[in-house]
Amino acid sequence: MTRLSSGNIDLDKRLQGGFPEGECVLITGEPGTGKTIFGIQFLYNACQEGKKCVIIATEEVPEKIILHGKALGFDLEPFVETNQLTMIHFLELRANNLAEGYTNVCMHIDDLNNLAHIIQDDVDVIILDNLGTFSIGIDLKQFRDKLDTLAYVLSNQKRTSLIVMDATAHELTHRIAEYSTYGTIRLMTKENPYTGKMERFMYIPKMRGTKISLDIINYDITEEGIKLFPAKANR
Ligand SMILES: Nc1ncnc2c1ncn2[C@@H]1O[C@H](COP(=O)(O)OP(=O)(O)OP(=O)(O)O)[C@@H](O)[C@H]1O
Ligand SMILES: [Mg+2]
């Protein structure tokens, strides 16, 4: 299986080289666990490898994503300038629709499927941050069905995609999204029972076609992005 680097060398080692190319991986976590930074790191690396990329952001505006990336040493701006990276601010699209007289501005997962269909053929990598925005208020069966379709379409088009989903929407949808995607990574903060301090942990419950360890991985968010602690520090 061909792999695409996650942008984190230590995580790649735990994934037999990286994310399975052309497949869809879900990343979930509570606020501030580093989901967006994880996405920026992956995106920056994919751009550096010459992949054509798109990020669909539902909350943060592109300018802020660029700013946060720069602060961590992942400067996405040159890739935007050369059109290798396209940043789509979903909320802005909806707001423009409202300005043009449309009354329904709720984000609907159908919009996402439509968008996946119109993304240029030569795009290799897609990041969606945050799927949770589309899951609230629709019934579970419909959500599962639409997400299955999205994951199928993206995989059929051989696009490697990273879908971010906030933990609240993920719990409200009974973590059903994990069945639709090829792999899942959960980010969390927990009290370390040995030190009594809150620490960051990453858990990979699933990555199809990949030998993974179910060990919980200790990580931190540093000024150079997400860093995994050496294996011996992990349990
Ligand atoms: N330059 C930096 N140096 C160190 N830590 C940073 C830096 N920038 C951000 N962080 C840490 O990363 C956290 C935010 O990460 P990120 O925005 O990726 O979280 P998130 O999981 O996407 O949150 P949300 O659910 O709100 O979207 C901050 O709360 C901060 O602790
Ligand atoms: Mg975020």
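Residues numbered from 1 in each chain as written. Chains lettered and ligands numbered in written order. Predicted model: local features only at pLDDT ≥ 70, side-chain atom pairs only at ≥ 80, totals over all residues.

Per an unreviewed UniProt entry, the recorded name for the chain is ATPase domain-containing protein, and the organism is Methanolobus mangrovi.

Student: Help me understand the overall build of the chain in this model?
Tutor: Tallying secondary structure elements over the chain gives 10 helices and 11 strands in all. Against the compact-globule benchmark of 18 Å for 235 residues, the chain has a radius of gyration of 17 Å, which places it among compact chains. Expressed along its principal axes, the backbone C-alpha trace of the chain runs to roughly 60 × 40 × 35 Å. Across the chain, every contact between residues at least 6 apart in sequence was considered, and the portion connecting residues at least 24 apart equals 70%. (Helix = DSSP H or I, 4+ residues; strand = E, 2+ residues; numbered from the N terminus. Rg over C-alpha atoms; globule rule 2.2 N^0.38 Å. Contact = placed C-beta atoms within 7 Å.)

Student: Would you take a moment to explain helix H2 (residues 35–48) for this structure?
Tutor: Think of an α-helix as 3.6 residues a turn; residues three or four steps apart then line up on the same face. Here H2 contains 14 residues, and its C-alpha end-to-end distance of 20 Å stays within 8% of the 20 Å for a straight helix at 1.5 Å per residue. Counting buried positions over the 14 residues of H2 gives 13, a clear majority of the element. (Expected span 1.5 Å × (residues − 1). Buried ≥ 20, exposed ≤ 12 C-beta atoms within 10 Å, placed from the backbone.)

Student: What am I meant to see in helix H8 (residues 140–156) here?
Tutor: The first and last C-alpha atoms of H8 sit 24 Å apart over 17 residues, in line with the 24 Å expected at 1.5 Å per residue. All buried positions along H8 are accounted for by Phe-143, Leu-147, Leu-150, Ala-151 and Leu-154. Looking straight down H8, one finds that the buried residues subtend no more than 95° of arc, so they occupy a single side. Away from its buried face by more than 90 degrees, H8 exposes Lys-141, Gln-142, Tyr-152 and Asn-156. Backbone geometry just downstream of H8 places Lys-158 in the positive-phi region, at approximately 60°. (Arc of directions from axis to C-beta.)

Student: Mind showing me how you'd approach the packing of helix H6 (residues 109–118) against H8 here?
Tutor: Between two packed helices, the angle of one axis relative to the other and the distance separating the axes together describe the packing. Where H6 contacts H8, the axes come no closer than 10 Å and their chain directions differ by 10°. The angle between H6 and H8 falls in the class roughly parallel. Facing H6, whose interface residues are Ile-109, Asp-110, Leu-112, Asn-113, Ala-116 and His-117, H8 presents Phe-143, Lys-146, Thr-149, Leu-150, Val-153 and Leu-154. Looking at side-chain class alone, the contact of H6 with H8 contains seven nonpolar, three polar and two charged residues. (Axes fitted to C-alpha atoms, helices over the stretch in contact; angles between N-to-C directions. Parallel < 35°, antiparallel > 145°, perpendicular 65-115°, else oblique. Nonpolar A, V, L, I, M, F, W, Y, C, P; charged D, E, K, R; others polar.)

Student: Can you walk me through the pairing of strand S4 (residues 53–57) in this structure?
Tutor: Looking along a regular strand, one sees side chains alternate from face to face of the sheet. With respect to burial, S4 is a largely interior element, five of its five residues being buried. As defined by bridge partners, S4 adjoins strand S5 (residues 85–89) across five bridges and the pair is classed as parallel. Across the sheet, Ile-55 pairs through a bridge with Met-87, a residue of S5. Bridge count for S4 against strand S6 (residues 125–129) is five bridges, and the pairing is parallel. (Pairing = 2+ DSSP bridges.)

Student: Would you take a moment to explain the nonpolar core for this structure?
Tutor: Nonpolar side chains in soluble globular proteins tend to end up buried together. Leu-43 and Ile-55 are the most contacted members of the largest nonpolar core, which totals 56 residues. In terms of residue count, the dominant contributor to this core is H2 (eight residues). Beyond its immediate sequence surroundings of up to four residues, Ile-55 is in contact with Leu-43, Ile-65, Met-87, Ile-88, Ile-127 and Asp-129. (Core = buried A, V, L, I, M, F, W, Y, C linked by C-beta atoms within 7 Å.)

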